[in-house]
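Analysis of the macromolecular model
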Amino acid sequence: MNSFSRRHRPTAAVLISLAVAAGVTACGSGSGGGSEGADSGTYTVWDPYPQFAKGTAWTKLLDKCGTAAGVKIKRTAFDTSDLTNKALLAAQQGNSPDLLIVDNPVVSTLAEAGVLTTTDDNKLDTSKIDPNLLAAGQSGGKTYGTPIGANTLALYYNKKVLKQAGVDVASVKDWASLTAALEKVRKAGKKGITFSAIGTEEGSFQFLPWFWGAGAKLTRLDSAQGESALSLWKGWVKSGVAPNSVLNNTQTTSWQEFTTGEYAFAENGTWQLAGAKKAGLDYGVLPIPGASGGTAAAPTGGEFVTLPAQDDTGRYPTSQKLATCLTSTQNLYDTDTTLSYVAPTTEVQDKQVTANAELKPWVAAVRTAKGRTSDDLGTKYPKISEQMWKAVQSALSGSKSPKDALTDAQSAVK
């Protein structure tokens, strides 16, 4: 049988369970349409970039790649969570788009549902992609697409606040030296560090660098290493170097706290670079340190370009040309500059740093970053993440000790 032939379509029950696992809400099938019934010279692309309207650099690139492949592009943009559910339902209806660009943790969900073709099948070349970034799109030993770019977390710092407190940022190399710096800032009358510990995926996303930086693994939330990471955050809140507001902070509200100019540090992402410049802060960026030094693995954000399974297998060669065009060296550079992403290849990363030296710490962070669904966690990750953020909330609010919170979390996962 042709390896491109559509696998059995997922049942409604499977779709519902996977949609819940992916953290998306149920909704009807969307407009925008997939390839079924489309004109053979028109190829459909679904992406999670509604901020880019027609005429922007992103849509111009889509049209450019379409022209190079000799086809027209019909593009539809969705919010990230909405896109996942639309993709699952479109697969059930046999109406998947030709190209689907999705948030990297969703790839394993769609792969498990039989929605996506593998790179073995669709012949996408991923040989230049950094392995740690490609891992976010791998499940069961197969690769289901290629990253269009990555973002991750690091520590922004306010140079003025640190100078007033007599802190040399070069001294911050591990958790002990970071905590010592925060205490000096507090004693100087300023605020230490802000982050997001909210009871959602954002809270888990922000906790992961500390969890991984301690040497903990997602397969065992209640390890001594995991406990040390949660105790670190708990200690910061208890001593006042981190505010109680972290319990409700999203990454956006945490960033708003940092832009007041009162905080020494803020854990946040690549996507805040433009906002940092607009705020007029004299800032720097420091990769998140591991417990005993070095750079902690931070979770990767960013999207994968994937090719959904089609009934008409004759569409694949053109879809592959489109995906290859979107992720070519020059187009990756242009697109990742537009998205404020770090490119997924060393070649383009080096080009980005040459053009903008401020990206150097972000490239360093991305090179050590890790996919949330890596280690073949796949669709197990959402349940693990939910218990993680619940443990963080319990510990920081004082309702449980870090040890008890993580013990209960691990029991709930099992």
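What comes next is a walk through the structure. (Residues numbered from 1 in each chain as written. Predicted model: local features only at pLDDT ≥ 70, side-chain atom pairs only at ≥ 80, totals over all residues. Heavy atoms only, no water.)

**Describing helix 10 (residues 224–239)**
- Over its 16 residues, helix 10 runs 22 Å from end to end, which matches the ideal 22 Å to within 8%, given 1.5 Å per residue.
- Gly226, Ala229, Leu230, Leu232, Trp233, Trp236 and Val237 are the residues of helix 10 that are buried. Down the axis of helix 10, the buried side of the element spans an arc of 140°, and every buried residue falls inside it. In helix 10, the exposed positions angled more than 90 degrees off the buried face are occupied by Ala224 and Lys238.
- Buried residues along helix 10 sit against helix 8 (175–187), strand 8 (191–194), helix 9 (201–213), strand 9 (263–269), helix 17 (381–397) and helix 18 (402–413).
- Within two residues after helix 10, glycine 240 carries a phi angle of roughly 95°, on the positive side. (Helix = DSSP H or I, 4+ residues; strand = E, 2+ residues; numbered from the N terminus. Expected span 1.5 Å × (residues − 1). Buried < 20%, exposed > 50% of the residue type's maximum accessible area, 1.4 Å probe, protein only. Arc of directions from axis to C-beta. Contact = heavy atoms within 4.5 Å.)

**Concerning the packing of helix 2 (residues 57–69) against helix 13 (residues 316–326)**
- Where helix 2 contacts helix 13, the two axes come as close as 9 Å, and the packing angle between them is 135°. Of the possible angle classes, the one that applies to helix 2 and helix 13 is oblique. Both helix 2 and helix 13 take part in a crossing whose hand is right-handed. For the pair formed by helix 2 and helix 13, the contact residues are Trp58, Leu61, Leu62, Cys65, Gly66 and Ala69 on the first element and Thr318, Lys321, Leu322, Cys325 and Leu326 on the second.
- Each residue belonging to the contact of helix 2 with helix 13 can be placed in one class, and the counts come to eight nonpolar, two polar and one charged. (Axes fitted to C-alpha atoms, helices over the stretch in contact; angles between N-to-C directions. Parallel < 35°, antiparallel > 145°, perpendicular 65-115°, else oblique. Left-handed = near helix turned anticlockwise from the far one by under 90°. Nonpolar A, V, L, I, M, F, W, Y, C, P; charged D, E, K, R; others polar.)

**Brief notes about the pattern of salt bridges**
- All chains considered together, the criterion is met by 15 salt bridges.
- In this structure, glutamate 347 engages lysine 128 in a salt bridge whose closest nitrogen and oxygen atoms are separated by 3.9 Å. Of the two residues, glutamate 347 is situated in helix 15 (residues 346–355) and lysine 128 in the loop between helix 5 (119–122) and helix 6 (131–134); the sequence distance between them amounts to 219 residues.
- Glutamate 347 gets classed as partly exposed once you look at its relative accessible area, which sits at 45%. (Salt bridge = Lys/Arg side-chain N within 4 Å of Asp/Glu carboxyl O.)

**A look at unusual backbone geometry**
- Positioned with a positive phi, serine 340 is a non-glycine residue whose angle comes to about 60°.
- Structurally, serine 340 is set in the loop between helix 14 (329–339) and helix 15.
- Relative accessible area serves as the criterion here: at 26%, serine 340 is assigned to the partly exposed category.
- Positive phi, normally seen in glycine, also occurs at aspartate 376, with a value near 60°.
- Mapped onto the elements, aspartate 376 comes out in the loop between helix 16 (360–367) and helix 17.

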